Amino acid sequence: MIRKLGIFFLAFIYLTTNLFAAEVNFQGKTVRWLIPFAVGGGSDKWARYYGPLLSKNLPGKPNVIIENCPGGGSITCANQFAAMPAGDGLTILGDSGSTKFPFLLEDPRVKYNYNDWLKTVVLVSPTGGVTYVSPSTGYKSTSDFQKLKTVELKFGSQGATSLDLIPMIAYEILGLKVKHVFGMTGRGDGRLAFERGDANLDYQTSSAYLKVEETLVKEGKAIPMFSWGIVNPDGSISRDPTFPNLPHFVEYYEKVYGKKPSGPIFDAYKAFLGSGFSAQKMVFLPKGTSSDIVKAYRDTFSIIINSPEHKTSDNEEIGKYLQVSGINSEAVLKNTINVNAPAKEWLRKYLSDNHQVKF
Amino acid sequence: MIDALVSSLSLIFSESHFLYLLFGVAFGIVIGVLPALGGIAGFSILIPFIYGMDKISALAMLIGMTAVIPTADTLSSVLMGIPGGSSSQATVVDGFPLAKKGQAARALSASYIASLVGGIFGALVLTAIVIIAKPLILFFGSAELFMLGILGISMVGVLSGSSLAKGILACGAGILLSTMGTAPATGELRSTLGSHYLYDGIKIAIMGLAAFAIPEICDLLRSNAAIAQKESGIGKGWLRGVIDVWQHRWLVFRSSVIGVIIGILPGLGGSASNWISYGHAVQTAKDKSKFGKGDIRGVIGPEAANNANEGGGLIPTLLFGIPGSGSMAVFLGGLTLLGIQPGPNMVGKDLYLTYVCVWSLAIANIVATGAMFFISKPISKLASIPFGLMAPFMIMIIYFAAFQTTFTNSDLYTLIVLGGFCTLLKYFKWPRPAFIVGFVISDTIERYFYQTLQFNGWGFLHKPGVIILGIIILISIYFGNKKSPDLQIKKNIKQLKMTSIFNFQYIFVALIYFYFLFIVIDSASLTYLGGVWPLAISTCMFAYMSYIIFFQKKVLADLVDTDFKTKKESIDLFRSFLWLVLPIILSALFGFLISMIIIFYAILISKTKASSLKINLITIGCLGVLLGLSYSMGLSLPRGLLQSLIKLPWPFG
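Worth saying up front: this structure is predicted, and the values here are computed from it rather than measured.

**Some words on the overall build of chain A**
- Counting its regular elements, chain A contains 14 helices and 13 strands.
- For 359 residues, the compact-globule formula gives about 21 Å, and the C-alpha radius of gyration of chain A, at 21 Å, lands near that figure.
- Projected onto its principal axes, the C-alpha positions of chain A cover 65 × 50 × 35 Å.
- Every one of the 359 residues in chain A was classed for burial, and the buried ones make up 60%.
- A fraction of 78% describes how many contacts in chain A between residues 6 or more apart in sequence connect residues 24 or more apart.
- Summed over its atoms, the accessible surface of chain A is roughly 14300 Å², and 55% of this surface lies on carbon and sulfur atoms.
- Across chain A, the centroid of the 40 positively charged side chains sits 1 Å from that of the 33 negatively charged ones.

**Some thoughts on the nonpolar core**
- B:Trp275, B:Phe331, B:Tyr399, B:Trp430 and B:Phe435 are the most contacted members of the largest nonpolar core, which totals 214 residues.
- It is helix α19 (residues 387–403) of chain B that contributes the most residues to this core, 14 residues altogether.
- A domain split of this core shows at least three residues from each of domain 1 (2–475) and domain 2 (500–560) of chain B.
- B:Tyr399 has contacts with B:Ile214, B:Leu412, B:Leu415, B:Ile416, B:Leu580, B:Pro583, B:Ile584, B:Phe592 and B:Met596, leaving out every residue within four places of it along the chain.
- In this structure, A:Tyr114, A:Tyr269, A:Ala271 and A:Leu273 belong to the second largest nonpolar core, which totals 78 residues.

**Some details on the domain arrangement of chain B**
All names here are of chain B.
- Considered domain by domain, chain B is made up of domain 1 (2–475) and domain 2 (500–560).
- Each of domain 1 and domain 2 has a C-alpha centre, and these two points are 30 Å apart.
- Every contact between the two is made by 28 residues of domain 1 and, on the other side, 25 residues of domain 2.
- For the pairing of domain 1 and domain 2, the buried interface totals around 2400 Å² over both sides, and the portion due to carbon and sulfur atoms is 78%.
- Taken as a group, Leu169, Leu176 and Phe428 account for 26% of the area that domain 1 buries against domain 2, more than any other trio of residues on that side.

**Overview of empty space enclosed by the protein**
- For the coordinates displayed, the defined rule picks out 2 cavities of 30 Å³ or more.
- Empty space within the largest cavity amounts to approximately 90 Å³.
- In terms of lining residues, the largest cavity is bounded by A:Met184, A:Asp189, A:Leu192, A:Ala193, A:Arg196, A:Asp198, B:Ser142, B:Leu145, B:Pro266, B:Tyr448, B:Gln451 and B:Phe455.
- Elements with a minimum of two residues in the lining of the largest cavity: α7 (187–196) of chain A together with α9 (142–153) and α21 (432–456) of chain B.
- Examining the composition of the lining of the largest cavity, we find that 4 residues originate from one element, α7(A), more than from any other.
- Partitioning the lining of the largest cavity into residue classes produces 7 nonpolar, 2 polar and 3 charged.
- Reported here for the second largest cavity is a volume of approximately 40 Å³.
- Lining the second largest cavity are 10 residues, with B:Phe592, B:Leu637, B:Pro638, B:Pro651 and B:Phe652 positioned closest to its centre.
- Residues of the lining of the second largest cavity, tallied by class, amount to 6 nonpolar, 3 polar and 1 charged.

**Some thoughts on the interface of chain B and chain A**
- With 40 residues of chain B at the interface, the matching set in chain A holds 38 residues.
- Summing both partners gives a buried area of about 3400 Å² for chain B against chain A, and 55% of it is carried by carbon and sulfur.
- Of all residues in chain B, B:His196, B:Gln454 and B:Phe455 give up the largest surface area on contact with chain A, accounting jointly for 18% of the area buried on that side.
- In this assembly, chain B and chain A are joined by 0 salt bridges.
- Our count for the contact surface shared by chain B and chain A stands at 5 residue pairs in polar contact (both at pLDDT 80 or more).
- Every element with two or more residues in the side of chain B that touches chain A is listed here: α3 (39–50), α8 (133–139), α9, α17 (326–338) and α21 of chain B.
- At 6 residues, the largest contribution of residues to the side of chain B that touches chain A is made by α21(B).
- In the side of chain B that touches chain A, the residues fall into 20 nonpolar, 14 polar and 6 charged.

**Regarding helix α16 (residues 297–320) of chain B**
Residue and element names in this part refer to chain B.
- Its 24 residues give α16 an end-to-end C-alpha distance of 35 Å, which sits within 8% of 34 Å, the value for a rise of 1.5 Å per residue.
- Taking the largest bend as the criterion, α16 deviates by roughly 30°, centred on Glu310.
- For α16, the tally of buried residues reaches 24 of 24 residues, placing the bulk of the element in the interior.

**What to know about the packing of helix α4 (residues 55–72) of chain B against helix α18 (residues 351–380) of chain B**
Residues and elements named next belong to chain B.
- Closest axis-to-axis distance for the α4/α18 pair is 8 Å, and the angle between their directions is 45°. Considering the angle they form, α4 stands oblique to α18. In this structure, α4 crosses over α18, and the sense of that crossing is right-handed. Residue-level contacts link Lys55, Ile56, Leu59, Ala60, Ile63, Gly64, Ala67, Val68, Thr71 and Ala72 of α4 to Tyr352, Leu353, Val356, Cys357, Ser360, Leu361, Ala364, Asn365, Ala368 and Met372 of α18.
- Grouping the constituent residues of the contact of α4 with α18 by class yields 15 nonpolar, 4 polar and 1 charged.

**Side note on the sheet that holds strand β3 (residues 91–94) of chain A**
Residues and elements named next belong to chain A.
- Ordered in space as β2-β1-β3-β12-β4-β13, the 6 strands form an open sheet in which the pairing is mixed. Each having just a single partner strand, β2 (63–68) and β13 (324–325) make up the two edges of the open sheet.
- Both strand β4 (residues 121–125) and strand β12 (residues 281–284) contribute to a ladder of 4 bridges, which runs antiparallel. By the bridge assignment for β12, Val121 is matched with Phe284.
- Sheet strands touched by helix α2 (residues 42–57): β1 (30–35), β2, β3, β4 and β12. Its angle to β2, the strand with the most contacts, is close to 165°.
- Together, β1, β3, β4, β12 and β13 form the strand contacts of helix α11 (residues 291–306), whose direction differs from that of β4 by roughly 30°.

Cut-off values and rules
Residues numbered from 1 in each chain as written. Chains lettered and ligands numbered in written order. Predicted model: local features only at pLDDT ≥ 70, side-chain atom pairs only at ≥ 80, totals over all residues. Heavy atoms only, no water. Helix = DSSP H or I, 4+ residues; strand = E, 2+ residues; numbered from the N terminus. Rg over C-alpha atoms; globule rule 2.2 N^0.38 Å. Buried < 20%, exposed > 50% of the residue type's maximum accessible area, 1.4 Å probe, protein only. Contact = heavy atoms within 4.5 Å. Areas by Shrake-Rupley, 256 points an atom, 1.4 Å probe, with all protein chains shown as cover. Lys, Arg positive; Asp, Glu negative; His and termini not counted. Charge placed at Lys NZ, Arg CZ, Asp CG, Glu CD. Core = buried A, V, L, I, M, F, W, Y, C linked by side-chain atoms within 4.5 Å. Domains from an automatic or database assignment. Buried area = accessible area lost by both parts, 1.4 Å probe. 1 Å grid on protein atoms, 1.4 Å probe; cavity = no way out; pocket = protein on both sides within 12 Å on 5 of 7 lines; lining within 4 Å. Points joined across faces, edges and corners; volume = space filled by probe spheres on them. Nonpolar A, V, L, I, M, F, W, Y, C, P; charged D, E, K, R; others polar. Salt bridge = Lys/Arg side-chain N within 4 Å of Asp/Glu carboxyl O. Polar contact = N/O pair within 3.5 Å; in protein donor to acceptor, adjacent residues only side chain to side chain. Expected span 1.5 Å × (residues − 1). Bend = angle between axes of the 7 residues up to and from the residue. Axes fitted to C-alpha atoms, helices over the stretch in contact; angles between N-to-C directions. Parallel < 35°, antiparallel > 145°, perpendicular 65-115°, else oblique. Left-handed = near helix turned anticlockwise from the far one by under 90°. Pairing = 2+ DSSP bridges.

Now the structure itself:
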């Protein structure tokens, strides 16, 4: 109790001093939080979790409204945001992995540049994912891996340049024979195809996988293989905090091949895992926003993610992942958008050779 | 199970839960009555408020809201000819002609009773089937869903009205328009002409407004008469509608079954159930000649189906966490905000929550039916006032609704271009239902055909579900083509008349012809998987049309020669269409609000003889509603060039 009070007190002091020092005050204002995805999706739920907290903790307690601007796989809205003037900190953008991928793959539709937002990123929210396989393939545990390599696997994918690019690269590194069936409208579609027996390989993001674990895995209808792992700011990969008992991809590879994965293909995996999962969702202010306003936001998010009510929250979009704010978020973003040239080259060639993606 | 049912019922009536349910119902009625706002808008508005509410209250409120939308949105479909939402598009086809004949009361009461029966049926099915739903959903794989799509398309024959050739070509155009945007299999861009907006294709909500609302408003502006042409106004007939439903009770039952089944299967949605049951009503009728001109069966069938669809749609959402429709996707988001985990636990430890949904659904349907009878009478008086007084309000609501799709001005541009096309479809007597069915079902067919080929190969044709559905399709086509001898011979005697060289119908037909050709060229450059569906359809359509043009002069006469051709009529039509284009131009320049102020005064002054006091009151009242709506729901209004140049205070900015 005393500790709680203490934190609140500190937060209060922090907030008020900050308020006076920076003279940033949003009293009576309305902050528009742009979410380039539809209502009810993962990003929307995430923003609606943070929205009220942001409103409560920003100096002057402004209204915070979530404005969904779906379309073009989030590119359209991000483009509009990128064209906005620096302004007064009353418009912010929440992105997702599907906003970063087209940028990294140099999609001509993209008019935004993440380098512009290095100085204005204020929050990073990670997530993870787990891949699993049907026992009908004969796979029971890691020791059956060699057998699995000879089976034709079918995977329901949302598209070659969607978030499902990460499993695609992972399976490619492992040397699995996978037929990617595109056109799934969401991961739920993929799971349904798996349950019907149409597909025999699938993955779900953390919150959805917990349900799979409860049902399919318990009933013996799905065998978990590995989690994607979490990319640390130094570039190393560690176990997913939501699934501490499951090996991550690199561990799994080492176990079945006896060596570490390497080369441009593995660099591509790391880079896209970073932007697709480990640093999936971010919050930005428009480029060139004054440092006072950026600091006010960063401090506010630091207060939120260190508050006891956040730490005990069971919001499934947040999970057990460490949220990053403050100056650290800058480092994470820098890491995320720095894909080395050979990795990018390999990926573009792979996608155009194998999946007819045109660049 | 019985225990859970009873305890859930007492839960709803304990504490303030019931009040929330009533609030949900009231809100749902408002959303439903307002044209084009449907379940998605309703959920999007309510969900931010449920954060922190208790589960029972929030569920009761959300279900109450969604359950009554299909009942309430009939009002604008019947009275104004504007689909109240994408799941009541088919209702317009016969409901609006009934209102024009002065039988609005009959159509409304029949639709409310049919909705009630459908809604209760949906709740009953939900009660029983949650236990066995899982194998059912798993049985319908990509192959079976593909066959259901084919079943939908096979309805085109009966939706074509007097000309099968026009029906097929309209359906083809609908299919091809829906392939615009990113290809489901490869993510390639198809026929977007470089426009970013079209990357996501054309949204069904906009298509519904374009196909039904714009042409009707154009028509009414031209005649400037009241919607109900007879002196009687909305007519009496409230009892007549009830009797109609009783007379067609088996149609109500069958349509409810169709609605529930389509609801249960993820991937088809409310719009499909509405159209398939409409097609079903037509094909099972002995005398088809009245459909499209005001046949009560065309109202009863789709209305029973769209309410039953709600109950069915909850099943995959609650059991699998897989939404069967757009609005269920939003609802699903709401569930997770409440901390409710969709999945097997919904028939296990959380069964009581499922039954809270069931009861909410049933109670909401009963309350809504009562309420709609109560409020319909005063509201339906609208149908008998001169249209000039109503036109600005309807224009405002339609554009506001269209803008909710992506919140850009492009929504409005798309609406007016498609609306112009559909107005011509209407005037040249092309069957819009066939066009819309093609548009609605194309994606289902393409997606699942591709998936099933990848998963099962051509062997999918041997699956028992596919064979059963194949037989149903054959029966459906057989019934559709039987028993309408009057339609078959009617047009055969017509000769091609070259009345004038500059006949706009020739240009229109040529436009469609070249659109097919354009798609052939556009999709030929795509990869095999991305382009095969539009390429196949456009090639068939182009070939079919060429065949008609060069070898079937009689059919060609049918395509280019309808009764509509006086010069004055054409000019009037064009003028009233300009009234619809004007607000969009003004909005692009000065923003929506200023544009609406101008339009209100312009239409009211030029089209009515209202006093200046009345004009001012109408304008202020309607714009007040608009601002209240957008402010309270946090929805923005279209901004124009002016707003991008200078900063204006709310509400102008």
